[in-house]
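Listed below are the residues making up each chain.
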Amino acid sequence: MKKLLLEGGVGGHLNHLYDNRQMTYNKMVSILKKASSGELVGTEKADGYNIFLGYRGGTARAARNKTDMQRGGMTMEELAAREFKGGEKVRQAYIRSFDAYQAALDSLSDQEKVAIFGPNGEVFYNTEIMGPAAAQLLNYDVDVLSIHHGGHKTYNKATDTVEVIDASANSKILDKVIDRFEQATAGKPFAVQRTAFITLKALDSDASLNVTISKLQKAGFGGTMTIEEYLEMKLVPAIDTALPYFDRRIKQEIIDRILNKEGKKGLAQITKGFPKEQKAVVSDLVLNQSKNLIKNAIWPIEEAIHEFAVDMLEGMESAYILDNERELKRLRDEVKAAIKQIAEYSGPGEEQAKDILLQQLQKLKHHNKINATIEGFVFEEDGVLYKFTGNYAPMNQLLGMFKYGRGKIPAIGGSKEETKELQEHEEDDLPQTPTATNVVPEPIVNEILDSIALFPGGFKPPHKGHFEAAAYLSNIRDIDQVYVIISPKARAEHGFSNRAEVTAEMSKELWDLYIAVNKDKIGVPIVATIGTGITPVSDAYDFMVKMNPGQTVTFAKGSKDKEDKRFDAAQAWSDKKGLGLNVRLINTPVFGGGISGTKMREMILEDEWESFADNLPLTKMEHIQHAWAIVTGQAPTMPQAQPALQETVFRMVEQAIDEVDNKYAICTASIGKTAKHGTERSKWSKAEEKRYEHCKEKVEESEKIDELSSVGGGSVQGSMMTGDGGGPFPGIDVQDENDKEKQKSKQKTNPTMLRKSGLVEDITVDEVLDYLLQNIGSNEHAN
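Since the model is a prediction, treat every value here as computed from it, not as a measurement.

Enquirer: Mind showing me how you'd approach the packing of helix 1 (residues 25-36) against helix 11 (residues 276-313) here?
Expert: A pair of packed helices can be characterised by two numbers: the angle between their axes and the separation between those axes. In the contact formed by helix 1 and helix 11, the axes pass within 11 Å of each other and the chain directions differ by 15 degrees. Comparing the axis directions of helix 1 and helix 11 gives the class roughly parallel. At the point where helix 1 passes helix 11, the crossing takes the left-handed sense. Two secondary-structure elements touch here, helix 1 through M28, L32, A35 and S36 and helix 11 through I301, I305, F308 and M312. Split into classes, the residues belonging to the contact of helix 1 with helix 11 amount to seven nonpolar, one polar and no charged.

What follows is the structure, encoded as structure tokens:
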């Protein structure tokens, strides 16, 4: 009895081809060719409740988790005492199928039982409960307990783990006696049988195969290269970019750790002797970013295999459905109706429902793309079980939300009775043992939200940095949805009126606006929701209670939250509550210049709408006006068109000229008045002498401005109006020399010529600015 590289813990997922790190390109292509040519034999992947069946101590046993196997499995009494998420209907499906299984075992001799289950009852057979009593998405016509041909498991006491084993020898004995089970279970609602073998139908041409092979090669996967070698090849440049100054040996150790290679070093060993800052960088890379790095690396291969699998499964029919054509039509009609009603739905959770609809339609494309009545195809190659899956997942999620609701979304098309009888897929069908928490979580569909990010905050108001952080999270490949959790508390600047108060409702309206106009920057959906608790972080913890075991939740920590220990306790809190979640922390980069909500509220208070607009993730004026109206209740006061720089400068010069001319006239009159009292300057008083000197300066200043005006006007006429330069009218001599002299004379006597000409070169503007900076300020000070 040997162990196989098959899948994870009890009820774990079957491998896709790319999940096996030792799979080579040549082997993968060989399997694809066998599938395309109709040479691949396997079994239908069924849409039922997965359970592991065994025998020990003279009674039938059942197991759904490691704890069950550790103690030898559950008896009928123990199974009946368990609590089931799906309610009484699901409970009855388990009990009745297990009762049939006990009846089937009663037809065997003790020697046969030992040969099938092992001398110590160590073999547990991978089995599916199927039929109307266990209905989920597909409507099977008969109640069947189907024992699969692979994926059987045992508990290893030495390692305290559940392991997949090769039970082929034991299975041969089971195959010999399986016919007896039909008679033994004749009076039972469930039949007990082996899963039937089927051959995957050959494709009409090699077109899909060739496209898939081409995509694999384009990704850089080829020859004898394994998936692990491919991933390492893709990780090298990523690690080089993240850690450019690290030694090559250290980089390789980090890659080995990320890929979980045999003999890998631990983080403490890799970073021994490193400065604290470098340890933090490596730790973040390995613990927080590695999953995303691997997902990005494997994606081209994953996408190619998925598209090939969809083509392979087209037209396949379930062996457990009597009228597959009718069932296929039912599925299409239900999905079509669900799509229409979700699209038209308005009510609680409307935005979330529309986001989920959009996400699933991107996978499904159209309800007519539903082209098979099986969930998938399972096959064995070199002792390893693999699966091909098609468009079952998006169809399942759309109908699940439509019938049963999700989160704040009610059952859009399902009745209250149907909602109570919610049947959850595969591992979520587990009969639940009581835990330390009394909370009964509202189910969240796993295949849509296998991994979510929570971004809690005050957001009063949300600004560009907040949105860019959320968009950053939405583009991380292994995150399926981003939830922005808004604090319910309003905020205003102390000591001021509520003119600058920003409420949670305003914040949500702004978030919805940002999301709506920036869809090109968003990966997976971003959903903004208002919390109900004391703080946004406490609301995030409450959100975790609604999630299903095995899901991953990412807490997004901004620059201000790096030292916030409340985030760090999330995993421990989940474990204490028995939620079974995987918690990850991500420090988001600083976006938007690090502006605060307080500063944004001050801008609102001071009517600084332009500064406010500069810190929004919006560019169109209509959207900026909308945002301003949300926080103030009124549209911003638009500035009048500003005059050109040259016109503004020249107006300033004219004002200065007028001011100097005015002072010049006053001083001249003053001198004249003084002269009347005595023409001999030696007889002037000190005050009269000071006034005279001051006025003399004004006269000289006026002359300087006249000269500047002349220079400006002359340069304009010389460069823009004559034909002897590179002007706009080459070859045309507009003025003769006499005209130029007259114009020059006119400019000498008319200091406003600068403005009247309307034509000034850049060098003239520089001279004017230089004059203003050097003279006007000092003159004002002197006066």
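Enquirer: Looking at this model, I keep getting lost on the pattern of salt bridges. Mind explaining?
Expert: Note that side chains of opposite charge can pair when their charged atoms are close. Tallied over the entire structure, the rule returns 28 salt bridges. For R330, the salt bridge is made with E327, and the minimal N-O distance between the two is 2.5 Å. Linking R330 with E327, this pair stays in helix 12 (residues 324-344), spanning three residues, or about one helical turn. Here E327 falls in the buried class, since its relative accessible area comes to 6%. Close ionic contact of E602 with K599 constitutes a salt bridge, the shortest N to O distance being 3.9 Å. One end of the pair is E602 and the other is K599, both in helix 21 (residues 597-605) and three residues apart, which spans about a single turn.

Enquirer: When you look at unusual backbone geometry in this model, what are you seeing that I'm missing?
Expert: Residues apart from glycine generally show negative phi values, whereas peptide bonds are mostly found in trans. Residues K460 and P461 are joined by a peptide bond in cis, for which omega reads 0 degrees. Tracing the chain through its elements places P461 in the loop between strand 14 (451-457) and helix 16 (464-474). At N260, a position not held by glycine, the phi torsion is positive, near 55 degrees. Structurally, N260 can be placed in the loop between helix 9 (248-258) and helix 10 (267-270).

Enquirer: Would you take a moment to explain the packing of aromatic side chains for this structure?
Expert: Working definition: an aromatic ring pair is given by the centre-to-centre distance plus the angle between the planes. Enumeration over the complete set of coordinates arrives at 20 aromatic pairs. Their ring planes at 85 degrees and their centres at 5.3 Å tell us that F459 and W511 sit as a pair that is edge-to-face. Residue F459 is found in the loop between strand 14 and helix 16, and its partner W511 is found in helix 17 (residues 504-517); the two are separated by 52 residues along the sequence. Exposure class is identical for F459 and W511. Each is buried. In textbook terms, an aromatic cluster arises when at least three aromatic residues are bridged by ring pairs, as seen for F308, F377, F379, Y386 and F388.

Enquirer: What is the right way to read the pairing of strand 11 (residues 376-381) from this model?
Expert: Looking along a regular strand, one sees the side chains alternate between the two faces of the sheet. Of all six residues in strand 11, five are buried, a share of seventy percent or more. The pairing of strand 1 (residues 41-45) with strand 11 spans four bridges and is antiparallel. Bridging across to strand 11, T43 finds its partner in V378. Counting the residues that bridge the hairpin from strand 11 to strand 12 (residues 384-389) gives two residues, and of these D382 lies at a positive phi of roughly 55 degrees.

Enquirer: Help me out: how do you make sense of the packing of helix 16 against helix 17 in this one?
Expert: In the contact formed by helix 16 and helix 17, the axes pass within 11 Å of each other and the chain directions differ by 55 degrees. Put simply, helix 16 runs oblique to helix 17. Classified by chirality, the crossing of helix 17 by helix 16 is right-handed. Contact with helix 16, carried on its side by H466, F467 and A470, involves W511, Y514 and I515 of helix 17 and no other residues of that element. Classifying every residue of the contact of helix 16 with helix 17 gives five nonpolar, one polar and no charged.

Enquirer: What is the right way to read the sheet that holds strand 11 from this model?
Expert: By definition, the strands of a sheet pair up through backbone hydrogen bonds, in either a parallel or an antiparallel sense. Strand order in this open sheet of four strands is 10-1-11-12, and the pairing throughout is antiparallel. Edge positions in the open sheet fall to strand 10 (197-199) and strand 12, since each of these has one partner strand only. Direction aside, neighbouring strands of the sheet carry axes that sit 45 degrees apart on average. Packing of helix 1 onto the sheet brings it into contact with strand 11 and strand 12, and relative to strand 11 it is tilted by some 125 degrees. In the packing of helix 11 onto the sheet, contacts are made with strand 11 and strand 12, and the angle to strand 12 comes to roughly 75 degrees.

Calculation notes
- Residues numbered from 1 in each chain as written.
- Predicted model: local features only at pLDDT ≥ 70, side-chain atom pairs only at ≥ 80, totals over all residues.
- Heavy atoms only, no water.
- Axes fitted to C-alpha atoms, helices over the stretch in contact; angles between N-to-C directions.
- Helix = DSSP H or I, 4+ residues; strand = E, 2+ residues; numbered from the N terminus.
- Parallel < 35°, antiparallel > 145°, perpendicular 65-115°, else oblique.
- Left-handed = near helix turned anticlockwise from the far one by under 90°.
- Contact = heavy atoms within 4.5 Å.
- Nonpolar A, V, L, I, M, F, W, Y, C, P; charged D, E, K, R; others polar.
- Salt bridge = Lys/Arg side-chain N within 4 Å of Asp/Glu carboxyl O.
- Buried < 20%, exposed > 50% of the residue type's maximum accessible area, 1.4 Å probe, protein only.
- Phe/Tyr/Trp six-rings, centres within 6.5 Å; stacked < 30°, edge-to-face > 60°.
- Pairing = 2+ DSSP bridges.

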